[in-house]
Amino acid sequence: MNLANHFLVAMPAMDDPFFEGSVVYLCEHGEEGALGIVINKPSPVTMDLIFAGSGRNVSARFQDDCVMMGGPVQIDRGYVVHTPLGGWQSTLAVTDEIALTASRDIIENLADPEKVDKAVVSIGYSSWGGGQLEKELAENVWLTVPADPHILFDLPYEERYQAAFAKLGISPAQIPQGAGHA
């Protein structure tokens, strides 16, 4: 079972303060573990700061965007889930159209819609060791649903949790209390 290009949706009773209410876009999943980016938890960092750090003015399409808290691992580094794939220095292709890039060259080109059409920028990422995610899934900590580019890139971050549940045909309120404790 490969869950790359799926959303992990935290069960409503998740008791992990970092992951409660989270939607994680899984970029890689295999026997050795999994890696993903939380796509609905804003950090205090804004895109204005990211653009200023690369010596550019913020592009209008990112004007009011927040950088996401992608996870508790390497919170001192930036990660970009984006489309199209491009030819960046450090990229992991998730699908034929969506990739995760961790190199500065993409940040320097975010303003160019010819090079980066859509993007979610995060600091940090989420990861699970071999078998860890499968164990959490068996314990009903997470629900999984195939990723939807509209939810990933187009919806405001505060709507992504409800929208991921809606893809399953349910709402968080329909989950029995106590389900999903880690």
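Details of the structure are given in the entry above.
Bear in mind that the values here come from a model prediction, so they are computed numbers and not experimental data.

Calculation criteria
Residues numbered from 1 in each chain as written. Predicted model: local features only at pLDDT ≥ 70, side-chain atom pairs only at ≥ 80, totals over all residues. Heavy atoms only, no water. Helix = DSSP H or I, 4+ residues; strand = E, 2+ residues; numbered from the N terminus. Rg over C-alpha atoms; globule rule 2.2 N^0.38 Å. Buried < 20%, exposed > 50% of the residue type's maximum accessible area, 1.4 Å probe, protein only. Contact = heavy atoms within 4.5 Å. Areas by Shrake-Rupley, 256 points an atom, 1.4 Å probe, with all protein chains shown as cover. Lys, Arg positive; Asp, Glu negative; His and termini not counted. Charge placed at Lys NZ, Arg CZ, Asp CG, Glu CD. Phe/Tyr/Trp six-rings, centres within 6.5 Å; stacked < 30°, edge-to-face > 60°. Polar contact = N/O pair within 3.5 Å; in protein donor to acceptor, adjacent residues only side chain to side chain. Pairing = 2+ DSSP bridges.

Undergrad: Just checking my understanding: could you explain the overall build of the chain for this structure?
TA: The helix and strand inventory of the chain stands at five helices and 10 strands. Its C-alpha atoms give the chain a radius of gyration of 16 Å, near enough to 16 Å, the size a compact globule of 182 residues would have. Expressed along its principal axes, the backbone C-alpha trace of the chain runs to roughly 50 × 30 × 25 Å. For the chain, buried positions account for 47% of its 182 residues. Nonlocal contacts in the chain, meaning residues at least 24 apart in sequence, comprise 64% of its contacts between residues at least 6 apart. On the chain, roughly 8,700 Å² of surface is accessible, and the fraction owed to carbon and sulfur atoms is 50%. Across the chain, 10 positive and 24 negative side-chain charges occur, with their mean positions spaced 5 Å apart.

Undergrad: Teacher, can you tell me more about the packing of aromatic side chains here?
TA: The description of an aromatic ring pair uses the distance of the two centres, along with the angle that the planes make with each other. On inspection of all chains with the given rule, the structure shows eight aromatic pairs. Here the aromatic rings of Phe19 and Trp142 are separated by 5.6 Å at their centres, their planes lie at 75°, and the arrangement is edge-to-face. With a gap of 123 residues between them, Phe19 in the loop between strand 1 (6-10) and strand 2 (23-30) and Trp142 in strand 10 (residues 142-146) connect regions that are remote in the sequence. Comparing Phe19 with Trp142 shows no difference in burial state: the two are buried. Consider the rings of Tyr161 and Phe165, whose centres lie 5.1 Å apart with planes at 75°: the pair is edge-to-face. Residue Tyr161 and its partner Phe165 are both found in helix 5 (residues 160-167); the two are separated by four residues, about one turn of the helix.

Undergrad: It is not clear to me how the environment of Ser103 should be interpreted in this structure. Could you clarify?
TA: With respect to the helices and strands, Ser103 occurs in the loop between strand 8 (99-101) and helix 2 (104-107). Between the C-alpha atoms of Ser103 and Leu92, which are 11 residues apart in sequence, the distance is 11 Å. Excluding anything up to four places from it in sequence, Ser103 contacts Trp88, Gln89 and Ser90. Separated by 3.5 Å, the side chain of Ser103 and the backbone nitrogen of Gln89 make a polar contact. Reaching out from Ser103, the side chain makes a polar contact with the side chain of Asp105 at a distance of 2.5 Å.

Undergrad: Before we go on, may I ask you to explain the pairing of strand 3 (residues 33-38) in this structure?
TA: Note on strand geometry: in a regular strand, side chains alternate between the two faces of the sheet. The buried fraction of strand 3 is high, at six of six residues. Burial of strand 3 is two-sided: the residues Gly33, Leu35 and Ile37 facing one way and the residues Ala34, Gly36 and Val38 facing the other way are all buried. Relative to strand 3, strand 2 is paired through six bridges, and the arrangement is antiparallel. Considered in strand 3, the bridge of Glu28 is made with Leu35. Hairpin connection between strand 2 and strand 3: a loop of two residues separates the two successive antiparallel strands. Bridge count between strand 3 and strand 9 (residues 118-129): four bridges; the pairing is antiparallel.

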